[in-house]
Structure formats: C-alpha cells, structure tokens
Amino acid sequence: MDDSWIDRFEGLKGLPADVRADLARGSQVVYVPAGTQVFAPGQSADNLLLLLEGSVRVQQRSDTGREVFLYRVHAGESCVLTTACMLAFEDYSADGIAETDVTAAVIPRTVFDDLVGRSKLFRSFVFAAYSRRITDLFTLIDDIVFQRMDVRLASRLLELADDAGVVRATHAVLATELGTAREVISRTLAEFHRRGWIEQARGQVEIIGREGLERLVRAAGAS
C-alpha cells in the first residue's frame, strides 16, 4: 500500500527502508464515521490506530454509571490505552468513540509486536507517545483533585470552542468532560452568563467574553 501516511508522524519518518516497507505492507488505512465505537471495555486490543484525520474521545464509566472523560486522540497521535493493552496483553477498560469522521492507519498486533521488537526507532516512537499521554493523564488527575471547577470549565470551553467561539456540547457532555455532575456545570455556566462571558442556546455555549475566561484561567495558574 501507499506508505505516504508514515511521513505524517515525525517519529516514523526516519525508519529504515526495510522497516518502513514492512509497516506499509502490514498496515491499512481505514475510515470510521463519527459516532462509531472504536473500542469498548472487555474488548481485545488487536490493532494500534494512528490517527490521520479526526479525533477519538476516550472515556470511562464509573460504578455509579457516570461517564468520565480521560483524553482525546487527535490527528498525528496514537491511543495510549491501546498501546498499554497491546503491550500488557490486557483487554480495554474504557470506551473509545469517534467524535468526528476519522481516518486512521491500522497496525495489527503481529506487525506491532514485530516492529517493537526489531526496530529501535519504531519502539522509541511508541514509547515517546505513551510517555506524553501518561503525563497528560497525571495532569488530568491533578486538575480533578486540586483545580476549582469554574477554572476547569473555563479552560475546557476555551479549548473546545470553534473559530466563531461556539462550543457545541450539552451540559451533560461538559459534565462528562470534567468528571462532575450536570447540575454543577449548569450552575457554573449560569455564573459565567451573569458575568457576561457566555450566551447559551440548546446544545451549545457561545463565548462572548473570551478575555474574562482567559483571565480566570491565568489567575488560577498564577496562584
């Protein structure tokens, strides 16, 4: 198959010709429609996905039924949970959902195991991505434990907003993003509205006072 997708990943560009050829020959590029469940708890991790376009949302359901957002996988990235499960021969413990239409390179376990074992560059690529995402997860834990909810929500709104300043998400979705209750999100958004920072409509939040949200996030970071 065409191996041009390999150059989309900085850590793979320098692969020796024989390893590059094996990677291209042993993998395939797939298209996944938005809303598709990419993996689920209890499912075997048989393929490593390297995203070329789109994003995959990874979340976990608690014993009480509450969904907790863990991280997103964007174009140019791989999924740390998939990597961990493949290395440890464990099943998935969380859900992966295609938030948008996704195009990804799929590397089967047999090819993954072979290249991790014999290519230092491929192995470095895998563990560098793994290390970055583990750091992100520790940051998430720190935010949940120590950061105020209004600051976390302000930061997430700024992150999720499109070029027009619109966040297309319900209160329930934002609650999942931040691992809290929908009622907490509703109260905090009501306060943001009172301060003139946002307007709300069904299924979306429009940022009209970006400076206020940014100031709140900066002040928390400086304290």
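What you see is a predicted model, and the numbers here were worked out from it, not measured in a lab. Throughout this document, residue positions are counted from 1 along each chain, in the order its sequence is written. The predicted nature of this model means local features are confined to residues of pLDDT at least 70 and side-chain atom pairs, given and counted, to a pLDDT of 80 or more, with totals for whole chains, interfaces and linings taken over all residues. The basis for every side-chain value is the complete set of heavy atoms in the structure, and neither hydrogens nor water enter the calculation.

### Quick notes on the nonpolar core
- One finds Trp5, Leu12, Leu23, Leu50, Leu81, Ile107 and Phe122 to be the most contacted residues of the largest nonpolar core, which totals 38 residues.
- By definition, any uninterrupted DSSP run of H or I lasting at least four residues is a helix, any uninterrupted run of E lasting at least two residues is a strand, and each is numbered from the N terminus. Listed by contribution, the elements that provide at least two residues to this core are helix H1 (17-26), strand E3 (47-53), strand E4 (55-61), strand E5 (67-74), helix H2 (80-88), strand E7 (102-108), helix H3 (109-118) and helix H4 (120-146).
- In what follows, residue pairs with any heavy atoms lying within 4.5 Å of each other are defined as contacts. In contact with Leu23, other than residues within four places in its own chain, are Trp5, Ile6, Leu12, Leu15, Ile107, Leu115 and Phe122.
- Residues Ala161, Val167, Ala169 and Trp197 belong to the second largest nonpolar core, which totals 21 residues. Take the buried Ala, Val, Leu, Ile, Met, Phe, Trp, Tyr and Cys residues and link them wherever side-chain atoms come within 4.5 Å; each set so joined is a nonpolar core. Residue burial is assigned from relative accessible area. The probe radius is 1.4 Å, only protein chains are included, and a residue is buried under 20% of its type maximum, exposed over 50%, and partly exposed in between.

### Digging into empty space enclosed by the protein
- Definitions used for this entry: grid spacing 1 Å over protein atoms alone; cavity, a set of points where a 1.4 Å probe fits but cannot get out; pocket, an open set with protein on both sides within 12 Å along at least 5 of 7 lines; lining residue, one with an atom within 4 Å of a point. Grid points are joined across faces, edges and corners, and a volume is the space filled by probe spheres set on the points. Taken as a whole, this structure holds 1 cavity of 30 Å³ or more when the rule is applied.
- Of the voids in this model, the largest cavity is the one considered here, and its volume is about 70 Å³.
- If you trace the largest cavity, you find it lined by Val38, Phe39, Leu49, Leu51, Val56, Val73, Cys79, Thr82 and Tyr92.
- Put simply, the parts of the chain that give the lining of the largest cavity at least two residues each are strand E2 (37-39) and E3.
- Polar here means any residue other than Ala, Val, Leu, Ile, Met, Phe, Trp, Tyr, Cys and Pro, which are nonpolar, and Asp, Glu, Lys and Arg, which are charged; Gly is therefore polar. In the lining of the largest cavity, the residues fall into 8 nonpolar, 1 polar and no charged.

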